[in-house]
Each structure stands twice: as C-alpha cells, then as structure tokens.
Amino acid sequence: MSSNIWNSDLGDGNYRNPILYADYSDPDAIRVGEDYFMIASSFSNAPGLPLLHSKDLVNWKVVNYIIHEIPEARYDQPTHGCGVWAPAIRYHKGIYYVCFPMPDEGIYMSTTTDPFGTWSKPVNIRPGAGWIDPCPFWDEDGRAYLVAGVAKSRIGYKSVLHMVEMQPDGMGLIGEEVKIFDGNENGQETIEGPKMYKRNGWYYIFAPAGGVKIGWQTVLRSRNVFGPYEYKIVMRQGDSPVNGPHQGAWVDTVTGEDWFIHFQDVYAAGRITHLQPMSWKEDWPVIGVAKEGNDYGEPVLEYKKPDVGEVHIERCEPATSDNFTGNKLGLQWQWNGNQKEGWYELAAESLRLYAMHKNTVYGDMPNLLLQKWPAPEFTCVTKMDLTHLTEKDEAGVISMGVKYGLITFRRNGDKLVPFYIEGVQKYGKILPDTTEETEKKLPEIELAQAQEICVRYTVKQIGKQDLNPSEKEFPLDQVTIEYSVDEHNYQMAGEMHAVPGRWVGVKNGVFCASVNKESKGYAVIHNVEYYR
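The notes below deal with the structure included here. None of the values given here were measured: they were computed from a predicted structure.

**Some words on the layout of surface pockets**
Empty space among the atoms can be located by rolling a probe the size of a water molecule over them.
At step 1: By volume, the largest pocket amounts to about 1100 Å³.
At step 2: Along the wall of the largest pocket there are 42 residues; nearest its centre are Glu192, Val212, Lys213, Arg271 and Trp503.
At step 3: Looking at the lining of the largest pocket, the elements with two or more residues in it are β10 (131-138), α1 (152-155), β18 (246-252) and β19 (258-265).
At step 4: The element contributing the most residues to the lining of the largest pocket is α1, with 3 residues.
At step 5: Grouping the amino acids of the lining of the largest pocket by side-chain chemistry returns 19 nonpolar, 12 polar and 11 charged.
At step 6: Space inside the second largest pocket adds up to approximately 490 Å³.
At step 7: Around the second largest pocket, the lining is made up of 15 residues, and of these Ile30, Arg90, Tyr91, Met196 and Tyr197 lie nearest the centre.
At step 8: For the lining of the second largest pocket, the elements supplying multiple residues, two or more each, are β2 (28-32), β6 (88-92), β10, β14 (195-199) and β18.
At step 9: Class assignment of the residues belonging to the lining of the second largest pocket gives a composition of 10 nonpolar, 1 polar and 4 charged.

**Remarks on the side chain of His53**
At step 1: With respect to the helices, strands and loops of the structure, His53 is situated in strand β4 (residues 48-54).
At step 2: Here the side chain of His53 touches Asp35 through a polar contact of 2.7 Å, side chain to side chain.
At step 3: Ignoring sequence-local partners within four residues, the contact set of His53 consists of Asp35, Tyr36, Phe37, Asn59, Trp60, Lys61, Val63 and Phe116.

**Here we look at the environment of Ala88**
At step 1: By secondary structure assignment, the location of Ala88 is in strand β6.
At step 2: Separated by 47 residues in the primary sequence, Ala88 and Cys135 place their C-alpha atoms 5.4 Å from one another.

**Here's the deal with the sheet that holds β18**
At step 1: Taken together, the 4 strands give an open sheet; going across it, the order is β18-β19-β20-β21, and neighbouring strands pair in antiparallel fashion. The open sheet has two edge strands with one neighbour each: β18 and β21 (284-287). Each adjacent strand pair in this sheet contributes to an overall mean axis angle of 35°, direction not counted.
At step 2: Two strands pair when backbone bridges link them, and β19 and strand β20 (residues 271-281) are joined in this way by 8 bridges, in the antiparallel orientation. If you follow Asp265 over to β20, its bridge partner there is Arg271.

**Details of the side chain of Asp182**
At step 1: Note on placement: Asp182 falls in strand β13 (residues 173-182).
At step 2: Relative accessible area serves as the criterion here: at 13%, Asp182 is assigned to the buried category.
At step 3: A polar contact of 2.8 Å, which involves the side chain of Asp182, links it to the side chain of Asn184.
At step 4: Residues in contact with Asp182, not counting those within four places in the same chain, are Ser159 and Val160.

**Details of empty space enclosed by the protein**
At step 1: Enumeration over the complete set of coordinates arrives at 5 cavities of 30 Å³ or more.
At step 2: Of the pockets and cavities examined, the largest cavity occupies roughly 190 Å³.
At step 3: Along its surface, the largest cavity is lined by 19 residues, and Ala22, Tyr24, Pro318, Ala319 and Pro374 are the ones closest to its centre.
At step 4: At the level of elements, β5 (61-67) and β27 (369-372) are the ones that each hand at least two residues to the lining of the largest cavity.
At step 5: Split by residue class, the lining of the largest cavity holds 13 nonpolar, 4 polar and 2 charged.
At step 6: Considered as a void within the structure, the second largest cavity measures approximately 150 Å³ in volume.
At step 7: Lining the second largest cavity are 17 residues; nearest its centre among them are Asn45, His80, Asn336, Met400 and Val504.

**Structural notes on the pairing of strand β37 (residues 507-514)**
At step 1: For β37, a buried count of 8 out of 8 residues is recorded, marking the element as mostly surrounded by other parts of the structure.
At step 2: Judged by which residues are buried, β37 turns out to be covered on both faces: Lys507, Gly509, Phe511 and Ala513 on one side and Asn508, Val510, Cys512 and Ser514 on the other are all buried.
At step 3: The pairing of strand β26 (residues 356-357) with β37 spans 2 bridges and is parallel. If you follow Met356 over to β37, its bridge partner there is Ala513.
At step 4: Pairing between β27 and β37: 4 bridges, direction antiparallel. Within the sheet, the bridge partner assigned to Gln371 lies in β37 and is Asn508.
At step 5: For strand β29 (residues 393-400) and β37, the ladder comprises 8 bridges, and the chain directions are antiparallel. Paired with Glu394 across the bridge in β37 is Ala513.

**With respect to the nonpolar core**
At step 1: Ranked by internal contacts, the top residues of the largest apolar core, which has 53 residues, are Trp373, Leu386, Ile407, Phe409, Leu416 and Tyr457.
At step 2: In this view, Leu416 contacts Leu386, Leu389, Phe409, Arg410, Arg411, Glu444, Ile445, Leu447, Ala450 and Ile453; residues no more than four positions away in its chain are not counted.
At step 3: Membership of the second largest hydrophobic core comes to 36 residues, among which are Tyr15, Val234, Trp259 and Phe260.

**Regarding the sheet that holds β5**
At step 1: As summarised here, the arrangement of the 4 strands in space is β2-β3-β4-β5, forming an open sheet in which the pairing is antiparallel. Two strands lie at the open edges of the sheet, namely β2 and β5, each paired on one side alone. In this sheet, neighbouring strand axes are inclined to one another by 25° on average, regardless of whether the strands run parallel or antiparallel.
At step 2: Here 4 bridges tie strand β3 (residues 35-39) to β4, and the two strands are oriented antiparallel to one another. The residue bridging Ile39 from the neighbouring strand is Leu51, located in β4.

**Here's the deal with the packing of aromatic side chains**
At step 1: This structure, assessed with the given rule, holds 27 aromatic pairs.
At step 2: The interplanar angle of 65° and the centroid separation of 5.3 Å between the aromatic rings of Tyr204 and Trp280 together place this pair among those described as edge-to-face. Highlighted residues: Tyr204 in strand β15 (residues 202-209) and Trp280 in strand β20, separated in sequence by 76 residues. The exposure classification of Tyr204 matches that of Trp280, with both residues buried.
At step 3: Here a set of aromatic residues connected by ring pairs shows up, and it is made of Tyr197, Tyr204, Phe206, Trp250, Phe260 and Trp280.
At step 4: The ring of Trp6 has Arg16 sitting right over it, with the charged end atom 3.7 Å from the ring centre.
At step 5: Stacked on the ring of Tyr427, the Lys or Arg Arg502 has its end atom at 4.3 Å from the ring centre.

What counts, and at which threshold
- All residue numbers refer to positions counted from 1 along the written sequence of the respective chain.
- A pLDDT threshold of at least 70 governs which residues receive local features in this predicted model, and a stricter bar of 80 or more applies before side-chain atom pairs are shown or counted, although totals over entire chains, interfaces and linings include all residues.
- Think of the side-chain values as coming from all heavy atoms in the structure, minus any hydrogens and water.
- Points on a 1 Å grid, built from protein atoms alone, make a cavity when a 1.4 Å probe fits but cannot get out and make a pocket when they are open with protein on both sides within 12 Å along at least 5 of 7 lines; residues with an atom within 4 Å of a point are the lining residues.
- Grid points are joined across faces, edges and corners, and a volume is the space filled by probe spheres set on the points.
- By the criteria applied, helices consist of DSSP H or I runs no shorter than four residues and strands consist of E runs no shorter than two, each listed in order from the N terminus.
- Here the nonpolar group is Ala, Val, Leu, Ile, Met, Phe, Trp, Tyr, Cys and Pro; Asp, Glu, Lys and Arg are the charged ones; every other residue, Gly included, is treated as polar.
- Polar contact criterion, stated in full: a pair of N or O atoms within 3.5 Å, where within protein one must be able to donate a hydrogen and the other to accept it, and residues adjacent in sequence count only if both atoms are side-chain atoms.
- Contact between two residues is taken to exist if any of their heavy atoms lie within 4.5 Å; hydrogens are not considered.
- Two strands qualify as a pair provided DSSP detects at least 2 bridges between them.
- To obtain each axis, a line is fitted to C-alpha atoms, and for helices this fit is confined to the stretch in contact; angles are then taken between N-to-C directions over 0 to 180 degrees.
- Relative accessibility decides the category of a residue: with a 1.4 Å probe and only protein chains considered, values under 20% of the type maximum give buried, values over 50% give exposed, and everything between is partly exposed.
- Here, nonpolar core means buried Ala, Val, Leu, Ile, Met, Phe, Trp, Tyr and Cys residues that are tied together by side-chain atoms lying within 4.5 Å of each other.
- Note on ring pairs: Phe, Tyr and Trp rings are taken, using the six-membered ring of Trp, and paired if centres are within 6.5 Å. Classes follow the plane angle, with under 30 degrees stacked, over 60 edge-to-face and the rest tilted.
- By definition, being over a ring means that NZ of Lys or CZ of Arg is both within 6 Å of the ring centre and within 35 degrees of the ring normal.

See the structure below:
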C-alpha cells in the first residue's frame, strides 16, 4: 500500500527542494560505494535513529533504525525534547559507526558491518550531561578524534566546540578535552552540530551558527586537529525562502561531485531536508549557488540531479500508508516512548492495539503510535473497528505536538462516546511543568455502528505567521479532525492551529487505552491511508 505524497525527483533530470518534506532533523550522511546512508535525530521516540538509504541523494526511504529503544529507563515514559539528539554516521575499515548524544546521559556509539541488519547495543563513551552533536573522525595515521558541541541548558554555556582524541575502535576517549572554537568571541553564537572532514591537508569542521530559524552555515579549517581554526560563512539564506539553512553533511559522488544535505525549520512540520550543490574556492567550500560578488552560496529550490554514475535509480519516498499485512510494524511508525510487550499485535491483515492502562494526560502516553508529517498539506484516513473495546476502554487518533488535538471514542455500555480533546504542554527549563487539557463531548454512537469508524485528519497551510524574535514568516498549518460511521459522511470533531513538539515536528497517529488496569479490550486498525 503506497501513496505518492512528496517526491522531489522531477523525472526530467532535475530535483526540487526539499528532498524530504518531513522531520528528519539534524541529518548526517555518508557514501559507501554507490550507496548513501542518512540518519537523523529521534529524541524520545522509539525505535530511534532512523536510517535512510538512497542511490542518488534525491530518492530516499527508511530502511532501518539504529536502536530499538532509547537507552536508560526514564525513556519508558515520553521525555519530550530529551533523548537522542543530533547524531553522526561514519564508515571506517568495514565498520559503520553511529555516534549520538543524549544531553542528560552522555555520548553513545553503536556499530555494525551490515547497516540493514542489527546494530550493536550502544556504549556510553562519555558519560555525563552537557556535550551534544558529536562527530567521530579517523585520520590517515590511524588516530581517531571526536568533536562535539555543548547544550547551555545542561552545562551552563553554549557556542563552544570541543575536540578530544578517541580510541581507534571508537569505544572510548583518550586524553584531555580541548576547546577548539568559541563562537561567543567572533559573531558565531549558537555554533553547534559540528561534522569533521579532511581535504588537501586541511581539517574541516562544518558547523551551523546563528540559531535554527535564522542562522547560516559556517565552516572551520586548520592544518592541525586541535587548531587554531579559522572560519568562514559558506551559506546564507540570502534572497531564497530557505530560512536558517542548518546542520548537515558533505557527501560526494563516484563521479567527483560534492553535495551538502541540511535541514530547514518550517515550524509545525519540523525540520525538513534539503540538498545543495557544493563547490570549492581557495580551499573553502561554497554551499548552494553564489551570486556574483559573493563568496558564499544561497540555497537552490530546483537543480540538476547529482551525477552518481551508472546505477539503477528507484523513484521512491519514505512509506506512509499502511494496511498492516506484514509480520512487523512498518518503518514509518514510532512510539511516543519505549515500546513494551503487549501493546500491539498484527493479525488478520490488521493492527490490534491493546488498551493499555492510562494514568496520565494523552500527550504523555507512551503507547501513542505515530508518524511524521510527510508533506506540506495532506489527508490521512484511519479506518477502525472499535467493537472489541470493553467498558471504560477508548481508542482514537491524535495530532501530537506541544499543542495537541485528538478524537477519542470511549466505551460506555452499548455506546461509544466520542470526545474532541486539546492539550497544551507548558514548559519549564527542560521538561513540561504542566499540561492542560480541555474536552468537548460529541454525539454518541451505537456500538453496532463501531465496525467501520473512519477518522479523517487533514493538514492545510492557511497562511503565514511571524514567530518572534525570528522576524521570519513560517507556514500557518491548520489541523482538522473529522469522523464517520459509514466511510462517507463525515462530521467535524475539531480543528486547531498546529504547534510543533519539543524540537520535533507534529506527528499524527493512533492509540488505545483504558482507565481499567485489567482491560482485555483492543482496537482493530484496518488501514491508514495518506493522500494529497
């Protein structure tokens, strides 16, 4: 079951940006032979660290996850904004490495010889809070290094990059940590997301600065690993509509071309993925296309596809729609917290979601089964059979962000009582202090009508909004939730302006819960269909 929701391959030798209109934030990528692999942040959603694969840097699909669950027991419950931040992926001597930060717990490393298979259990190579955005690097002499940024919310300061020697096997650090760059001293505030490379005897560190929504791409270079480093801004928004072109990865092709993958923050939909041509001038990169008189590039919206040589290209995109005919969940799905046994079962070409005990607000339920938004505008229809709910069970569809909205159907005797509910998470320094929910009761439904309940979830861009202090315009996205008992005639449940989650875009999905700890009830999800 597939739908063409967003594909950037124009079919005429060109592509359009973004290459992925979905929240694959903080991307990093590598080429191994003719294959490209990309990873992204996943925060407290599980499985974590999605791995995407491409043959041409334009057509991508999710092929694996690096970790089945987020390390540490606290992530059995949603810990919004925490968990797995900006990772790095590297290939060295036949081994794939993924290094990822958890800002409260440390820097972790996972490895494999088969990226499509099982990755090793992550090892915490630098325990402790504060360091983020690590990137490993192996030099020609066999020595290895790790460069990383810092999170002010955990360590008390920001805009600083550190370097430390790493064990050649990547499983530990050696020697003293050295501060190699301080963006507070040179107009490069909020420099972060460092990615390290070497070319023509220069050590390069690609690192965005200026903030996610309004920043630019900076590159450092030095003849020595530990510096001193000089710096240059190599990409700005300029006259393009691509605000804050941010953190990403330099990759090349077998034909010798250079390209740069990065993200753009578009607010509710999250941080979407772009691909820019890259060139060199006096041993400095220029990302995007430079206008006459400029020594930096600006993002392109349409461009000639990368020349990747004579390889077979499959026009594809990450999966969305699902009719649950496989023997495991599709890779488009993530849970709101670490998955536990008994949450679901795939049976009779459908998904059974069991009614897990609900003892918190909806946005903090770990057993929300969610997907990223896949396009700027789309509709998702979920068809459910709710006749197997038992007394006090409920099931429904949710739009999950800092502000969330949902429809839930609660079993009450021989009736289902629908409610439209909105919640708002109010944040303290790191985690939500409180969440406020309001609910609106909708007309009751006879249980006999519950075999073919459909929920229609629609996202539309209805205008622009200013998000101070950025002084930039961002899409104003409206979410509409409707429901039907006959697959044809829909009634309005509710609508709202979408607000992203804590560092993540809005996700939508399904759930089943109960205030009864001993419930044996379940919801049957027949299919989920996305279309534009």
